[in-house]
Structure formats: C-alpha cells, structure tokens
Amino acid sequence: MEVTLLGTGDTTGTPTPGCDCDTCDEAKARDIERTRFSVHVRNERTDECLLIDASPDFRHQFLHRDVALPDEAIITHIHFDHLDGLGNVYRLLDDLPVHAADEVDPLTDESVADTIRSKYDYLDRVTVHDHAPHETFRACGLDVTLVPVEHPPLLCYGVVVSDPDTGAKLALTGDTCYDISDRSRAALSDADLMLADAIVPASLCEYHPLGGDHHGPDGVARTFGTKHMTREGALALADELNAEEVRLVHVAHFYPVEEAFEEPLAVDGERYRL
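Residues numbered from 1 in each chain as written. Predicted model: local features only at pLDDT ≥ 70, side-chain atom pairs only at ≥ 80, totals over all residues. Heavy atoms only, no water.

Draft legend 1. Seen up close, helix α1 (residues 22–30). Among the residues making up α1, those that are buried are T23, C24 and A27. Down the axis of α1, the smallest arc covering the buried residues is 100 degrees, so these residues share one side. When the buried face of α1 is taken as reference, the exposed residues oriented beyond 90 degrees from it are D22 and A29. A positive phi of about 55 degrees marks D31, the residue just after α1. (Buried < 20%, exposed > 50% of the residue type's maximum accessible area, 1.4 Å probe, protein only. Helix = DSSP H or I, 4+ residues; strand = E, 2+ residues; numbered from the N terminus. Arc of directions from axis to C-beta.)

Draft legend 2. Structural detail: the nonpolar core. V39, L86, I116, V161 and L170 are the most contacted members of the largest nonpolar core, which totals 49 residues. Sort the elements by how many residues they give to this core and strand β5 (residues 96–101) lands first, with four residues. Excluding its chain neighbours within four sequence positions, the residues that come into contact with L170 are M1, V3, V41, V159, V160, V161, L193, L195 and L274. One finds A238, V246, A260 and L265 within the second-largest nonpolar core, a separate group that totals 29 residues. (Core = buried A, V, L, I, M, F, W, Y, C linked by side-chain atoms within 4.5 Å. Contact = heavy atoms within 4.5 Å.)

Draft legend 3. Summary view of helix α6 (residues 231–240). Residues of α6 that are buried: R231, G233, A234, A236, L237 and A238. Residue N242 follows α6 closely and has a positive phi angle near 60 degrees.

Draft legend 4. Looking closely at the environment of T230. By the secondary structure assignment, T230 is in the loop between β14 (228–229) and α6. Overall, T230 belongs to the buried group, its relative accessible area being 0%. As for T230 and I199, which are separated by 31 residues in sequence, their C-alpha atoms are 5.9 Å apart. Here T230 is in contact with D197, A198, V200, P201, A202, C205, A221, R222, T223 and F224, once residues within four sequence places are set aside. A polar atom in the side chain of T230 sits 2.9 Å from the backbone nitrogen of G233. (Polar contact = N/O pair within 3.5 Å; in protein donor to acceptor, adjacent residues only side chain to side chain.)

Draft legend 5. Spatial organisation of the sheet that holds β5. The sheet built from seven strands is open, its strands ordered β6-β5-β4-β3-β2-β1-β16 with mixed pairing. Edge positions in the open sheet fall to β6 (126–131) and β16 (271–273), since each of these has one partner strand only. Geometrically, the sheet is characterised by an average inter-axis angle of 20 degrees between neighbouring strands, direction not taken into account. In terms of strand pairing, strand β3 (residues 48–52) meets strand β4 (residues 72–74) through three bridges, oriented parallel. Looking across to β4, one finds that I52 is bridged to I74. (Pairing = 2+ DSSP bridges. Axes fitted to C-alpha atoms, helices over the stretch in contact; angles between N-to-C directions.)

Draft legend 6. Quick look at the sheet that holds strand β15 (residues 246–249). The sheet built from six strands is open, its strands ordered β7-β8-β9-β10-β11-β15 with mixed pairing. Sheet topology places β7 (137–139) and β15 at the edges, where each strand pairs with a single neighbour. Adjacent strand axes in the sheet meet at a mean angle of 30 degrees, parallel and antiparallel pairs treated alike. In this sheet, strand β9 (residues 154–162) lies alongside strand β8 (residues 142–151) in antiparallel orientation, the contact comprising nine bridges. For V147, the partnering residue across the bridge sits in β9 and is G158. Packed on one face of the sheet, α6 meets β11 (193–197) and β15 and runs near 150 degrees to β15.

Draft legend 7. Broad picture of the packing of aromatic side chains. As enumerated under the stated definition, the model contains two aromatic pairs in all. With 4.6 Å between their ring centres and 35 degrees between their planes, F58 and F62 make a pair best called tilted. Taken as a pair, F58 and F62 lie in helix α2 (residues 58–64) at a separation of four residues, close to a single helical turn. When sorted by exposure, F58 lands in the same class as F62, which is buried. Between the aromatic rings of Y120 and Y122, the centroid separation amounts to 6.0 Å while the plane-to-plane angle is 45 degrees, which identifies the pairing as tilted. (Phe/Tyr/Trp six-rings, centres within 6.5 Å; stacked < 30°, edge-to-face > 60°.)

Draft legend 8. Summary view of the pairing of β5. Of all the six residues making up β5, six are buried; the element is thus mostly covered by neighbouring parts of the structure. As judged from the two bridges shared by β4 and β5, these two strands associate in the parallel manner. Looking at β5, one finds that A73 is bridged to V98. Sheet topology note: the β5/β6 ladder contains six bridges and is parallel. Bridge pairing in β6 places L96 opposite V126.

Structural data, given as structure tokens:
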C-alpha cells in the first residue's frame, strides 16, 4: 500500500491567499504547501488508486504529485474542503465510484452519501455507494471502514484502510475533536500509519471563543474549540491507540513559524509504503 499525502492543510491551506504572516512567508520561502486535505492510496498489488476526500485543490494536487487519477473515492463529510473537488471528475474520468456513510445527519436530514448524490446529480460519472459506519467494504482491493468521530455540528467519519493480503493498516482520524467513542478508538488502533487532525497547538486555545476542551492530566487542551484536535491531542490519541507512525494533518497557518514545520507536522507530497 502506497500512501501519498496530497493535501495536509485546513480550510484555507498554507500559504493562505492574501496572508503575509511569518508562517505563510516561510512556507513560500521553502516552497512548501499544505493544500486542502486529501490522501491518495495505491494498492500496489492491483495498481488501483483510492482517493480519500476530494479537495478543492484536486487539479493542482494531481498536476504536482506523481500519482494516478483515482479509480474509487471516499468522502468523510460534507464540508467543502473535503467534498468540492468531486466536480473535477467532469471530463477527467469515465466513472468514479464514491463511497460514503449512509447515516442520516439530524442537522441536514441527509446522509453524506445523500448529499453527494444530490449535489453532484449532474455528474453521471459519479456513482454513490452507501455504507453503514463500522461495516467494512472493499474498494480498490482494500478493506475500508468508515469510523464515526466527533466534528460538530455535522456527522463526520475517520477511515481505516487495510490490505487484506499484507495486513498493512492506515488510519485517518478525520476532522474530529479528541473525544471519540471507545468503539471508534478500537477501530483506529494499531495502525502502521495514522494521519491525525491537528489544526493548531494547544497554546492557541486562548484565542478561540470557546477556548479548549478535553484537557489531559497535564491540563493541556486536547481539543481546539469543539471541532478539531490540538497538536497535543492528536499526539496523545496516536500514543493511546498504539500507532506505529503518526503524521499530523489538517494543519492551519496559525502555527507559530518556529513550530509550523517541526516533526511530525506533515506537508504535501509525503509518501509512505505500508
């Protein structure tokens, strides 16, 4: 299983357009990008490619990374930075099976699968496949499970991708706060590689209107506001779930410049073989 991090940034990415903060300036100087979130997984046995989340930066990502266009895709939730790249399927692909959860969100009265189906009804190349959370299905010859996480107010899912032949395991937390269920923690545990949402360091919680939440024994917030983990929360979760390797993703440009490019914060283009 070959994993390429196409997009490792949050909703505005780094560098952020129109921003002259030290972190954005340093990213430009280093020629580093964190575009909107997306992960490419190639099944090396079958040479099929699975896309996890369709970034609005789809075109840029596939032009600048040496990866094939996807054979199938997964959408974790309906925020635009994870969904709206699906429009790029037009005239690029003849067919794209898209997998998403069938659980109806009380806020929208639709499941993620329903929203994709209605929003992209003009794309006859997109075929939506509904799946129950925690039920494993096959995509690109790999075993895939959608794992409920906590990203209020919308339903959101992490993803587990396993190779049925080799046992290699990739876990993505999805956009989430630290407080996820025991069942979801069990599903995400013991990964060879975990990609964990870590939008900002905990020190920035003082600037959020709601502050931080889910404080550890050291008093450090593991959730920024209500929707995303802090760096410290993501690292704590990865440690608790026994991840062999962790890369921190969905990273904002608000990291202080002296911390913004430190390990294990990921940048676009990283590639891993599991």
